[in-house]
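Working through the structure, step by step
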Amino acid sequence: MTVVDPTISARFRVSATVILFAGLSVALVFLAVISAGTGQLSIPPAEVLGSFLHGIGIDAGPMPTHPSGDAALWSIRFPRVAMAMIVGAALAAAGALMQGVFGNPLAEPGVIGVSSGAAVAAAGAMVFGWTALGTWTVPALAFVGGLITTVAVYLLSRSDGRTEVVTLVLTGIAVNAVTGALLALMMFLADQQAREEIVFWQLGSLNGTRWAYVGVVAPLALVGVVGCFLLSRKLDLLALGDRSARHLGVDVERLRITAITLVALLTAAAVAFCGIIAFVGLVVPHLMRMVVGPGHRLLMPASVLGGAVLLLAADLVARTAVPYAELPIGMLTSLIGGPMFFWLLRRTRRTAGGWA
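Here the structure is a predicted model, which is why all the values come from computation and not from measurement. (Residues numbered from 1 in each chain as written. Predicted model: local features only at pLDDT ≥ 70, side-chain atom pairs only at ≥ 80, totals over all residues. Heavy atoms only, no water.)

Considerations on the packing of helix H3 (residues 69-102) against helix H13 (residues 296-320)
Note the threshold: Only C-alpha atoms enter the line fits that serve as axes; for helices the fit covers just the stretch in contact. Angles between N-to-C directions range over 0 to 180 degrees. The way it works is that DSSP assigns letters per residue, a run of H or I at least four long becomes a helix, a run of E at least two long becomes a strand, and they are numbered from the N terminus. Our angle categories are set so that under 35 degrees counts as roughly parallel, over 145 as roughly antiparallel, 65 to 115 as roughly perpendicular, and the remainder as oblique. For any pair of crossing helices, the crossing counts as left-handed if the nearer helix is rotated counterclockwise from the farther one by less than a right angle, and right-handed if it is rotated clockwise. Only heavy atoms matter for contacts: two residues are in contact if any of them lie within 4.5 Å across the pair. Charged residues are taken to be Asp, Glu, Lys and Arg, nonpolar residues to be Ala, Val, Leu, Ile, Met, Phe, Trp, Tyr, Cys and Pro, and polar residues to be all remaining types, Gly included.
At a closest axis distance of 7 Å, the pairing of H3 and H13 adopts a crossing angle of 135 degrees. Here H13 runs oblique to H3, going by the angle between their axes. Considering only the axes of H3 and H13, their crossing is right-handed. Taking contact as the criterion, the partners of Arg80, Val81, Ala84, Met85, Val87, Gly88, Ala89, Ala92, Ala93, Ala96, Leu97 and Gly100 in H3 are, on H13, His296, Met300, Ser303, Val304, Gly307, Ala308, Leu311, Leu312, Asp315 and Arg319. Within the contact of H3 with H13, the residues separate by chemical class into 14 nonpolar, five polar and three charged.

Considering helix H11 (residues 252-274)
Keep this limit in mind: The span expected for a helix works out to 1.5 Å for each residue beyond the first. Buried, partly exposed and exposed residues are distinguished by accessible area as a fraction of the type maximum, computed with a 1.4 Å probe on protein chains only: under 20%, between the cut-offs, and over 50%, respectively.
Taking 1.5 Å of rise per residue, 23 residues should cover 33 Å, and H11 covers 33 Å from first to last C-alpha, within 8% of that figure. The buried fraction of H11 amounts to 19 of the 23 residues, a majority that puts the element mostly inside the structure. Positive phi shows up at glycine 275, right after H11, with a value of about 80 degrees.

Regarding the packing of aromatic side chains
Going by this rule: The pairing test for Phe, Tyr and Trp rings, Trp by its six-membered ring, is centres within 6.5 Å, and the orientation test on the planes gives stacked under 30 degrees, edge-to-face over 60, and tilted for anything in between.
Considering all chains together, one arrives at eight aromatic pairs under this definition. Plain terms: the ring middles of phenylalanine 52 and phenylalanine 78 are 6.0 Å apart, the flat faces sit at 85 degrees to each other, and that makes the pair edge-to-face. Here phenylalanine 52, found in helix H2 (residues 45-55), pairs with phenylalanine 78, found in helix H3; they are 26 residues apart in sequence, far enough to count as distant. Phenylalanine 52 sits in the partly exposed class, given a relative accessible area of 39%. An aromatic cluster is present here, built from Phe52, Trp74, Phe78 and Trp211 joined pairwise through their rings.

So, the UniProt feature "transmembrane region" (unreviewed entry) in the protein
Filter applied, for reference: UniProt positions are given in the numbering used here, feature names are shortened, and annotations may be inferred rather than shown by experiment.
Here, the residues flagged by UniProt with the feature "transmembrane region" (unreviewed entry) are residues 12-34, 81-102, 114-133, 140-157, 169-190, 211-232, 257-286 and 324-345. As annotated, residues 114-133 comprises 75% helix and 0% strand, and the C-alpha atoms at either end are separated by 22 Å. Structurally, residues 211-232 is divided into 95% helix and 0% strand, and its ends, taken at the C-alpha atoms, are 31 Å apart.

Some remarks on unusual backbone geometry
Phi at phenylalanine 279 takes a positive value of approximately 75 degrees, unusual for a residue other than glycine. Along the chain, phenylalanine 279 turns up in the loop between H11 and helix H12 (280-292). For phenylalanine 279, a relative accessible area of 25% corresponds to the partly exposed category.

Notes on the nonpolar core
Stated precisely, the cut-off is as follows: For this analysis, a nonpolar core means a set of buried residues of the types Ala, Val, Leu, Ile, Met, Phe, Trp, Tyr and Cys, connected via side-chain atoms within 4.5 Å.
By size, the foremost hydrophobic cluster in this structure holds 97 residues, and its most contacted members are Met83, Val87, Leu97 and Ile277. The greatest single-element share of this core, amounting to 19 residues, is contributed by H3. The residues touching methionine 83, leaving out its near neighbours within four places in the chain, are Leu206, Thr209, Tyr213, Val214, Val217, Phe273 and Cys274. Ranked by size, the runner-up nonpolar core spans five residues in total, among them Leu106, Val283, Met340 and Leu344.

Spelled out as structure tokens, the structure:
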């Protein structure tokens, strides 16, 4: 039997990690420039870069030659690119955190009901015509609905001052079933226009993104991502098991509360303006883990970069796959994530030697 030198294996892991981070960074910049220049008004990459540099006060590069080019970039394209990167990073970070807390690579943010709760609240605004906050009404209610559902799942699963992972998952499934029924009721009560709005919102889209929306989502995502980074070491200790983590000084219950709060914050902020975008939080962390390993100090930043790249690429495909039409981005991520989830199930079953 061939014995692999641990030193060689460690060096290979380090090299693969460096290549991954460098590749993701290059891909992110490349996709951002290409995505910003792609559309009915095509703008060359050099002009996209020139417009961006001039916009931040650096006098370098050519400006767009089309009279409306610079305005189109700053009012439509750049906000959308920024939102895609922020939402992708937020969902992937939330997924990595969920998988770390649950100790299961098949966990994802939807387990605790954030997305379904947001969908019910958004649907309520559409069906009953709530407009107290103007165009901000649906995003605001979606954000609050996602947080309220998460709080409900946590409180219902808590017993004797503790929250067991299995109980939390089962409670999440039950609450998701209830919110699914409420969403179906909203669809039944809605007129045709509201019904179409609900369906479109559930499919997910970055269309109509403005800088004002980015200005709301970005700080929330930043707080959530920084919180994920700060929990990385404790998540590594939690991977040893609850009892071992407690012996090493980790307050497991407080860690779970903090993690669930951060997941709710990240996911609710993401879906509030973009609708439900599935499977990013499932696929990206697992793929990154296959390269950088299970350590969360590398897994978290890799997932953030990977999520931003994936959603930016998905949005580019959504805008260009069908001429003069835009595919729902949530549909595309589900088309990717569905087969990926099936593959993860098969792989986990083979690795564990069965489910029993």
